[in-house]
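Coordinates in review
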Amino acid sequence: MAVTRQHVARHTNLSRLIIGVSVVAAVIAIAPIIAAAFGVSSAAVQPRTAFASAPSGNYVVVSRTEGTQDVIAVVWAENPGAVTELARVPHIEGMGTTGTVSPDGTRVAVVAVDAGTATRPVASLVTVDLISGELFRAALRIDPDQRPVWAPDGESIVVTRTTRGDDSGSDVQVLRVALRGTEEALWTAHGVLGVYPVGFEASGALLAVTLDGAGSTVVRDGADLLQISGSFTRDWQLSPDGKELAFIEADLSDGLRYVARRVSFAGGAASAQSLMADVSALGAAWNPATGAVEFGIEPGGSSEGVSVQALRDGDGFDVPLGFAPDGSALAVTHWSGEDFTQPGLPAIQVVDGGNRANIEGYTRFLGWARR
């Protein structure tokens, strides 16, 4: 049979169509792989987690380490036995993550050690979407073991990156990272032991605490504001209105004691507020419903002038982690021991009025979310 020019044209067009369809199909098939490689996801291929359709209420966001992954989960405060795993964040073997929940309770900013070694770890900032389960690497080469601070609008995250370090101290850069990875250098502290962003004032100014040879200093947008201690401090918690800072001072005047402190920034000035007594404590949490701050009081010590979470059975002690958004419940680390020198074993618990319940199997508190 003779092959006409029309037959050839039809055959060529059909071949092009088949090739074209095959290429399109191949691109569609590998699109999720390409997206993952570049840290981009598509809503069309992203599943929704169980949290997206969870009952309304307050949820504790927690994590635990399993080898080379950290498991992120939510726990319903009304039923702490109801634990829902949402995502897994990869990291170097045994190097657990730290993180904080966004102001709207839909994301977690996670600091994961994914490079370097156990002695010289290098971390990345990873955002976890609690609704879709999406992971996005927003920044590389940041400091490990820090708690990222969310901007009030939830559109960016503040972290630190050490750029130089030696025996004389370190240069630490404070960065603002947008949700999709754009970085802005805010300022650099020189010759310090560490810089720890704590939150934003109502004016939008960023507050941080620097530790150096002189002690602990509060910094506002990179400028020294007030030295709060000649020693080291820890457990910094900024009040919901951004006007007060609660913290724990490592008092070395008579051995080592951990003492509850607070500082006011009302009216743009800064002034120390002495408590009615030196209270031995660890941890601090502000109740958004009452504006009161809760410290974790050492058993047998004075609690004069501070709010105290009473233990149901009187055994052990609590270190407060954070209140639910409506102030109805408090997450704590409950220690089974006698005091700070003999703390015993820890467990994360939800305290709701006179009731408390363990969150089994999880070791780190990331914050609260609400459905």
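Notes on the overall build of the protein chain
Looking only at helices and strands, the protein chain features one helix and 26 strands. Partitioning the contacts of the protein chain with sequence separation of at least 6, the portion at a separation of at least 24 is 39%. Carbon together with sulfur atoms contributes 54% to the accessible area of the protein chain, which is approximately 18200 Å² in total.

Some words on unusual backbone geometry
For D145, which is not glycine, the phi dihedral falls at a positive 60°. Even without being a glycine, D221 presents a positive backbone phi close to 50°. Mapped onto the elements of the fold, D221 is located in the loop between β14 (215–220) and β15 (223–229).

A short note on the layout of surface pockets
The computed volume of the second largest pocket comes to approximately 500 Å³. Around the second largest pocket, the lining is made up of 20 residues, and of these P121, D143, P144, T162 and S170 lie nearest the centre. For the lining of the second largest pocket, the secondary structure elements donating two or more residues are β6 (121–129), β7 (135–142), β9 (156–166), β10 (169–178) and β12 (194–200). Per-element tally for the lining of the second largest pocket: the top contributor is β12, with four residues.

Description of the sheet that holds strand β2 (residues 69–76)
Strand order in this open sheet of four strands is β3-β2-β1-β26, and the pairing throughout is antiparallel. The sheet terminates laterally at β3 (83–90) and β26 (364–370), the two strands that pair on one side only. Neighbour-to-neighbour, the strand axes of this sheet turn through a mean angle of 25°, independent of strand direction. Examined bridge by bridge, β2 and β3 share seven bridges and lie antiparallel to one another. What sits directly across from V75, in β3, is V83.

Side note on the pattern of salt bridges
Taken as a whole and assessed by the stated rule, the structure comprises 18 salt bridges. For R137, the salt bridge is made with D114, and the minimal N-O distance between the two is 3.3 Å. Here the residue R137 occupies a position in strand β7, and D114 occupies one in strand β5 (residues 107–116), the gap between them amounting to 23 residues. Overall, R137 belongs to the partly exposed group, its relative accessible area being 46%. Classification of D114 as partly exposed rests on a relative accessible area of 29%. Between D318 and R356 there is a salt bridge, with the nearest N and O atoms lying 2.8 Å from each other. Here R356 lies in strand β25 (residues 355–358) and D318 lies in strand β22 (residues 317–323), a separation of 38 residues in the sequence. Comparing D318 with R356 shows no difference in burial state: the two are buried.

Section: the environment of Q342
Inspection of the secondary structure assignment puts Q342 in the loop between β23 (330–335) and β24 (346–352). The spacing of Q342 and G316 is 26 residues in sequence and 10.0 Å in space, taken between C-alpha atoms.

Regarding the side chain of E298
Relative to the assigned elements, E298 resides in the loop between β21 (293–297) and β22. Polar contacts involving the side chain of E298 include one to the side chain of S280, which spans 2.6 Å. Of note is the side chain of E298, whose polar atom sits 3.1 Å from the backbone nitrogen of F340. When residues no more than four places from it in sequence are discounted, the contact partners of E298 are S280, A281, D339 and F340.

Considerations on the sheet that holds β23
Ordered by their spatial adjacency, four strands build an open sheet running β22-β23-β24-β25, and the pairing between neighbours is antiparallel. In this open sheet, the two strands that pair with only one neighbour each are β22 and β25. Pairs of neighbouring strands in the sheet enclose a mean axial angle of 30°, with direction left out of account. With four bridges connecting them, β24 and β25 associate as antiparallel partners. Across the sheet, the residue bridging to Q349 is N358, located in β25.

Let's talk about the side chain of T160
Following the sequence through the fold, T160 ends up in strand β9. Polar side-chain contacts of T160 include one of 2.9 Å to the side chain of D143. When residues no more than four places from it in sequence are discounted, the contact partners of T160 are I142, D143, Q146, V172, Q173, V174, V195 and P197.

Here's the deal with the pairing of β21
Across the five residues that make up β21, a large majority, five, are buried. Burial along β21 is two-sided: V293, F295 and I297 facing one way and E294 and G296 facing the other are all buried. As paired strands, strand β20 (residues 281–286) and β21 are joined by five bridges and run antiparallel to one another. What sits directly across from W286, in β21, is V293.

What counts and how
- Residues numbered from 1 in each chain as written.
- Predicted model: local features only at pLDDT ≥ 70, side-chain atom pairs only at ≥ 80, totals over all residues.
- Heavy atoms only, no water.
- Helix = DSSP H or I, 4+ residues; strand = E, 2+ residues; numbered from the N terminus.
- Contact = heavy atoms within 4.5 Å.
- Areas by Shrake-Rupley, 256 points an atom, 1.4 Å probe, with all protein chains shown as cover.
- 1 Å grid on protein atoms, 1.4 Å probe; cavity = no way out; pocket = protein on both sides within 12 Å on 5 of 7 lines; lining within 4 Å.
- Points joined across faces, edges and corners; volume = space filled by probe spheres on them.
- Pairing = 2+ DSSP bridges.
- Axes fitted to C-alpha atoms, helices over the stretch in contact; angles between N-to-C directions.
- Salt bridge = Lys/Arg side-chain N within 4 Å of Asp/Glu carboxyl O.
- Buried < 20%, exposed > 50% of the residue type's maximum accessible area, 1.4 Å probe, protein only.
- Polar contact = N/O pair within 3.5 Å; in protein donor to acceptor, adjacent residues only side chain to side chain.

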